[in-house]
Amino acid sequence: MAEPVLTLEGIRKVYNPGTAVATEVLHGIDFSLAAGEFCAIIGPSGSGKSTLLNIIGLLDRPTDGRLLIGARDTAQLSDKMLTALRGEAIGFVFQYHYLITAFTALENVMMPLLVGRGFPNPEMARTAERLLDEVGLLPWRDAKVGNLSGGQQQRVAVARALARRPSIVLADEPTGNLDTKSADAVFELMREVNRRDGTSFLIVTHNLRLADRCDRVVEVVDGRIVSDRKAAAGPIPA
Amino acid sequence: MNRFLPFEWIAATRFLKEGAVQTLLIITGVAVGVGVVVFMSALLSGLQGDFLKRMFSSQAQIVLQPPDKIARPLRTDGDAIVLATVIKPSQRLRSIDQWQKVRDITRTIPGILTVSPMASGAAFAVKGGADKSISLMGVDPAVYFSIVDIPGKLTAGMARLNVGDILIGIQLASDLGVAVNDKLRITTASGASQTLTITGIFDLGNRGANQRNTYVALHTAQTLLGLTGGVTSIDVTVKDVYAAEDIAQLITAATGVEADSWIKTNADFFSFINSQNMSNAAIRIFVSLSVAFGIASVLVVSVVQRSKEIGILRAMGASRGQMLRVFLIQGGLVGFLGSLLGSSLGWAILAVWRDYARHADGTPLFTIVMEPSLVLLAMLLATVTGVAAAILPAMRAARLEPVVAIRG
């Protein structure tokens with residue numbers, strides 16, 4: 001099996017710990033994601049999927065347990081180092097695109113690189129152009145993102161998530177706001193990137209039809225992993 | 001994207017551009033504030049400058065005079081107590097002791113422009129059957145004319161003061177019916193008398209001064225007033241008129257001669273200028289505060305509106321410091337652009353003011369000088385205020401947790 005890009009050992013998350021309203025939402029999650037894996041996380045609302053994704057995305061810290069990105073233990077990292085690691089290793093796609101409306105499509109894709117380096121350079125623009133081309137939106141490179149359709153916006157968001165060649169892309173309901181056709185297009189796009197570049201994907205979704213088209217489906221209920229199986233449909237043949 | 005601009009500047013300018021209406025409104029708000037400050041400051045400094053110029057066109061900023069004569073009460077040996085009523089003796093015209101030495105010491109004190117000795121006293125100007133009391137002022141024209149610009153105020157003749165020459169005011173000339181090159185007999189109370197030639201007639205802009213002031217060479221006055229080789233006062237001008245009192249004290253300490261500054265002799269006027277300066281400072285402070293609150297409120301709204309974008313930027317690796325700077329720069333830019341517009345506005349109002357505020361004869365009421373330093377100061381102040389006003393909103397942006405911001 002390929003080296004894991006992500007390892008969770010006994011991850012617990014308690015909100016308001018030590019108070020009368022302490023709520024434990026994750027009860028000791030053990031999980032690992034191999035390089036190049038395309039994995040869906042499913043589960044009912046309130047089961048802790050998003051909390052899990054936030055912890056994996058270094059947006060939130062676990063109350064207990066170990067989280068390794070690659071071979072790197074994140075427990076001892078400062079806030080600043082976590083931010084830097086997040087920028088390098090993880091790409092995000094959310095249910096809503098969250099593109100920055102003050103910038104064009106191309107500039108939005110450049111943004112993670114710009115944030116990381118500090119100053120823009122032509123290399124960044126070339127990378128962003130290539131990514132926009134891959135998601136089929138090069139003709140819209142100079143369009144304000146507000147003028148794009150929902151599906152196009154989400155494709156720009158996928159391109160942006162890939163800008164720094166992260167080892168993991170975390171997608172939280174990436175197709176939740178899209179019609180079936182656009183949803184399929186965005187899903188296929190991510191699948192293609194996964195096959196071509198070997199980028200690992202972890203996708204939280206309610207859409208069982210899409211989940212079944214992943215390599216692996218993990219089901220979370222009440223803060224616990226209740227099943228971890230190969231997808232019914234299996235990976236789509238290359 | 002400009003290659004030479006860092007991420008923070010690019011984001012700050014784009015955010016301002018995107019909220020164009022908001023940005024324009026707050027820049028206009030800042031501009032009005034800065035315009036008022038620039039206009040008020042230029043007006044007040046013009047007004048004060050004009051007052052001071054008028055004041056110092058006929059007097060020095062510091063005058064050194066011999067000490068008053070005082071009577072000392074009798075003292076007896078032993079424990080006897082003497083009750084005495086001390087009556088101040090009359091003050092006869094006296095010279096400053098060793099005035100050349102005093103003058104030389106005074107010249108070495110920093111901040112001093114000119115040091116001009118003068119021998120002055122009362123006299124009569126006699127022409128035919130008419131006589132007029134005058135103030136006879138013996139000066140060294142080379143230095144005195146740089147304090148009081150007599151050559152610039154001449155209406156006839158020239159500013160020549162050799163032995164035997166006299167310059168008189170237009171009122172005295174008219175009272176005595178004399179003109180340039182006429183002879184005038186000057187008599188002092190002690191009986192000394194000399195006939196002098198009128199070389200020039202001046203107009204000091206003040207009827208009393210035009211009637212009484214007459215200028216002769218120092219030596220002529222010394223002879224007429226019985227002050228052989230002596231002077232009754234030394235006039236001093238300084239670079240910074242507001243430092244006159246401090247310098248006067250330095251002179252007294254260095255020479256032992258009493259030195260009175262204009263600040264002491266015109267205390268009311270000085271306190272008027274002071275209160276003007278204080279009210280100007282108060283206006284500046286209140287305008288700055290309202291500008292700061294305006295900028296802060298707009299940026300707070302902007303942070304709330306953009307919290308999701310801030311969240312996503314943080315998620316993709318933007319540091320808290322970067323988010324802080326994005327909003328500080330926005331505050332600074334709004335302050336800077338507002339002050340640029342405001343300074344132009346201030347200029348425009350001043351130009352209109354200059355056109356309207358005129359004497360009946362069309363000459364301006366007073367000169368308003370728009371100093372570039374004032375504009376630069378206003379711009380610096382507004383930019384710093386903008387950055388300071390942005391601190392709270394920027395900290396709020398920097399503190400946003402990406403999860404909270406994105407989930408909103």
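Definitions and limits used
- Residues numbered from 1 in each chain as written.
- Chains lettered and ligands numbered in written order.
- Predicted model: local features only at pLDDT ≥ 70, side-chain atom pairs only at ≥ 80, totals over all residues.
- Helix = DSSP H or I, 4+ residues; strand = E, 2+ residues; numbered from the N terminus.
- Rg over C-alpha atoms; globule rule 2.2 N^0.38 Å.
- Buried ≥ 20, exposed ≤ 12 C-beta atoms within 10 Å, placed from the backbone.
- Contact = placed C-beta atoms within 7 Å.
- Pairing = 2+ DSSP bridges.
- Expected span 1.5 Å × (residues − 1).
- Bend = angle between axes of the 7 residues up to and from the residue.
- Nonpolar A, V, L, I, M, F, W, Y, C, P; charged D, E, K, R; others polar.
- Core = buried A, V, L, I, M, F, W, Y, C linked by C-beta atoms within 7 Å.
- Axes fitted to C-alpha atoms, helices over the stretch in contact; angles between N-to-C directions.
- Parallel < 35°, antiparallel > 145°, perpendicular 65-115°, else oblique.
- Left-handed = near helix turned anticlockwise from the far one by under 90°.
- pLDDT = per-residue confidence, 0-100.

Q: How would you sum up the overall build of chain B? Please name residues and give values.
A: Broken down by element type, chain B carries 14 helices and ten strands. A globule of 408 residues ought to have a C-alpha radius of gyration of about 22 Å, yet chain B, at 33 Å, is considerably larger. Dimensions of chain B along its principal axes, counting C-alpha atoms only, are 105 × 70 × 35 Å. When burial is assessed residue by residue, chain B has 39% of its 408 residues classed as buried. In chain B, the proportion of contacts linking residues at least 24 apart, taken out of those at least 6 apart, comes to 79%.

Q: Give a description of the overall build of chain A that names residues and reports values.
A: Across its full length, chain A holds seven helices and ten strands. Its C-alpha atoms give chain A a radius of gyration of 18 Å, near enough to 18 Å, the size a compact globule of 238 residues would have. Its C-alpha atoms give chain A principal-axis dimensions of about 50 × 40 × 35 Å. For chain A, buried positions account for 47% of its 238 residues. Within chain A, contacts between residues at least 6 apart in sequence are counted, and of these 68% link residues at least 24 apart.

Q: Tell me about the pairing of strand 3 (residues 38–42) of chain A, and name the residues and values.
A: Residue and element names in this part refer to chain A. Most of strand 3 sits out of view: five of its five residues are buried. Of the two faces of strand 3, the one lined by Phe38, Ala40 and Ile42 and the one lined by Cys39 and Ile41 are each fully buried. Summarising the sheet, strand 3 and strand 9 (residues 216–221) pair through four bridges and their orientation is parallel. Each residue of the ladder has a partner; that of Ile41, found in strand 9, is Val218.

Q: Outline the environment of Glu258 of chain B, supporting the account with residue identities and numerical values.
A: When you line up the elements, Glu258 of chain B lands in strand 10 (residues 258–261). Aside from chain neighbours lying at most four places away, what touches Glu258 of chain B is Leu64, Gln65, Pro67 and Thr252 of chain B.

Q: Tell me about helix 13 (residues 372–399) of chain B, and name the residues and values.
A: Counted at 1.5 Å a residue, the expected span for helix 13 of chain B with its 28 residues is 40 Å, and the 40 Å between its end C-alpha atoms agrees. Along helix 13 of chain B, the sharpest kink reaches roughly 45 degrees, centred on Ile391 of chain B and followed within four residues by the proline Pro393 of chain B.

Q: Can you lay out the interface of chain A and chain B for me, pointing to particular residues and giving the numbers?
A: Listed per partner, the contact involves 25 residues of chain A and 21 residues of chain B. Listed by contribution, the elements that provide at least two residues to the side of chain A that touches chain B are helix 2 (79–89) and helix 3 (105–117) of chain A. Considering every element that reaches the side of chain A that touches chain B, the biggest residue donor is helix 3 of chain A, with six residues. Along the lines of polarity and charge, the residues of the side of chain A that touches chain B split into 14 nonpolar, seven polar and four charged.

Q: I'd like to hear about helix 1 (residues 49–56) of chain A, residue by residue, with values.
A: All names here are of chain A. Counting buried positions along helix 1 gives eight out of eight residues, so the element sits mostly inside the fold. Residues of helix 1 that are buried include every one of Lys49, Ser50, Thr51, Leu52, Leu53, Asn54, Ile55 and Ile56, and no others. A positive phi of about 60 degrees marks Leu58, the residue just after helix 1.

Q: Just give me the short version of the nonpolar core, but keep the residues and values in it.
A: Grouped together as the largest cluster of nonpolar side chains are 130 residues, with contacts concentrated most on Val109 and Val158 of chain A together with Ile295 of chain B. Element by element, the count of residues in this core is highest for helix 12 (residues 320–356) of chain B, at eleven residues. In contact with Val109 of chain A, not counting residues within four places along its chain, are Ala128, Leu131, Leu132, Val156, Ala159, Arg160 and Ala163 of chain A.

Q: So what's going on with the sheet that holds strand 10 (residues 224–230) of chain A? Residues and values would help.
A: Residues and elements named next belong to chain A. An order of 6-7-8-3-9-10 is seen for the six strands of this open sheet, with the pairing classed as mixed. Lying at the two open borders of the sheet, with one neighbouring strand each, are strand 6 (90–93) and strand 10. Averaged over all neighbouring strand pairs, the angle between strand axes comes to 20 degrees, with direction disregarded. The pairing of strand 3 with strand 8 (residues 200–204) spans four bridges and is parallel. Pairing of Phe38 across the sheet is with Phe201, part of strand 8.

Q: An account of the packing of helix 3 of chain A against helix 4 (residues 122–134) of chain A is needed here, citing residue identities and associated values.
A: Residues and elements named next belong to chain A. Closest axis-to-axis distance for the helix 3/helix 4 pair is 9 Å, and the angle between their directions is 125 degrees. In this view, helix 3 runs oblique relative to helix 4, as classed from their interaxial angle. In this structure, helix 3 meets helix 4 at a crossing whose hand is right-handed. Taken together, the residues of helix 4 that come into contact with helix 3 (itself represented by Ala105, Leu106, Val109, Met110, Leu113 and Leu114) are Met124, Ala125, Thr127, Ala128, Glu129, Leu131 and Leu132. The residue makeup of the contact of helix 3 with helix 4, split by class, is eleven nonpolar, one polar and one charged.

Q: Outline the pairing of strand 1 (residues 62–65) of chain B, supporting the account with residue identities and numerical values.
A: All names here are of chain B. Of the two faces of strand 1, only one is covered, namely that formed by Ile62 and Leu64; the face formed by Val63 and Gln65 stays uncovered. In this sheet, strand 10 lies alongside strand 1 in antiparallel orientation, the contact comprising four bridges. Bridge assignment links Gln65 to a residue of strand 10, and that residue is Glu258. Sheet topology places strand 1 next to strand 9 (residues 233–238); three bridges connect them, and they run antiparallel. Within strand 9, the residue paired with Leu64 across the bridge is Ile234.

Q: Give me the lowdown on the packing of helix 10 (residues 267–305) of chain B against helix 12 of chain B, citing residues and values where you can.
A: Think of two packed helices as two axes; the pair is described by the angle between the axes and how far apart they sit. Residue and element names in this part refer to chain B. The geometry of helix 10 relative to helix 12 is characterised by a closest axis approach of 11 Å and an angle of 140 degrees between their N-to-C directions. Relative to helix 12, the element helix 10 lies oblique. The two elements helix 10 and helix 12 cross, and the hand of that crossing is right-handed. Where helix 10 approaches helix 12, its residues Ile295, Leu299 and Val303 are matched on the opposing element by Phe327, Gln330, Gly331, Val334 and Gly335.

Q: Just give me the short version of the sheet that holds strand 1 (residues 4–15) of chain A, but keep the residues and values in it.
A: Two modes of strand pairing occur in sheets, parallel and antiparallel, and in both the strands are linked by backbone hydrogen bonds. Residues and elements named next belong to chain A. Pairing in this open sheet of four strands is antiparallel, and the strands run 2-1-4-5 from one edge to the other. In this open sheet, the two strands that pair with only one neighbour each are strand 2 (23–34) and strand 5 (72–73). Of the pairings in the sheet, the one linking strand 1 to strand 2 comprises eight bridges and is antiparallel in character. Each bridged residue has a counterpart across the sheet, and for Ile11 the counterpart in strand 2 is Ile29.

Q: So, the environment of Leu8 of chain A: which residues are in play, and what are the values?
A: Residue and element names in this part refer to chain A. Considering the arrangement of structural elements, one finds Leu8 in strand 1. Take Leu8: there are 22 C-beta atoms within 10 Å of it, and that puts it in the buried class. With residues up to four places along the chain from it excluded, the contact list for Leu8 reads Ile29, Asp30, Phe31, Ser32, Gly65 and Leu67.

Q: Requested: an account of unusual backbone geometry, with residues and values cited.
A: Residue and element names in this part refer to chain A. Of note in this structure, Asn16 is not a glycine but carries a positive phi near 50 degrees. Along the chain, Asn16 turns up in the loop between strand 1 and strand 2. Overall, the presence of 9 C-beta atoms within 10 Å leaves Asn16 in the exposed class. For Asp222, which is not a glycine, the phi torsion comes out positive at approximately 50 degrees. Mapped onto the elements of the fold, Asp222 is located in the loop between strand 9 and strand 10.

Q: Quick one: what's the story with the confidence of the model for chain B, residue by residue and with numbers?
A: Confidence in the prediction for chain B averages 87 pLDDT; 97% of positions are at 70 or higher. Model confidence for the complex: the whole-complex pTM is 0.74, and ipTM, which rates the interface, is 0.87.

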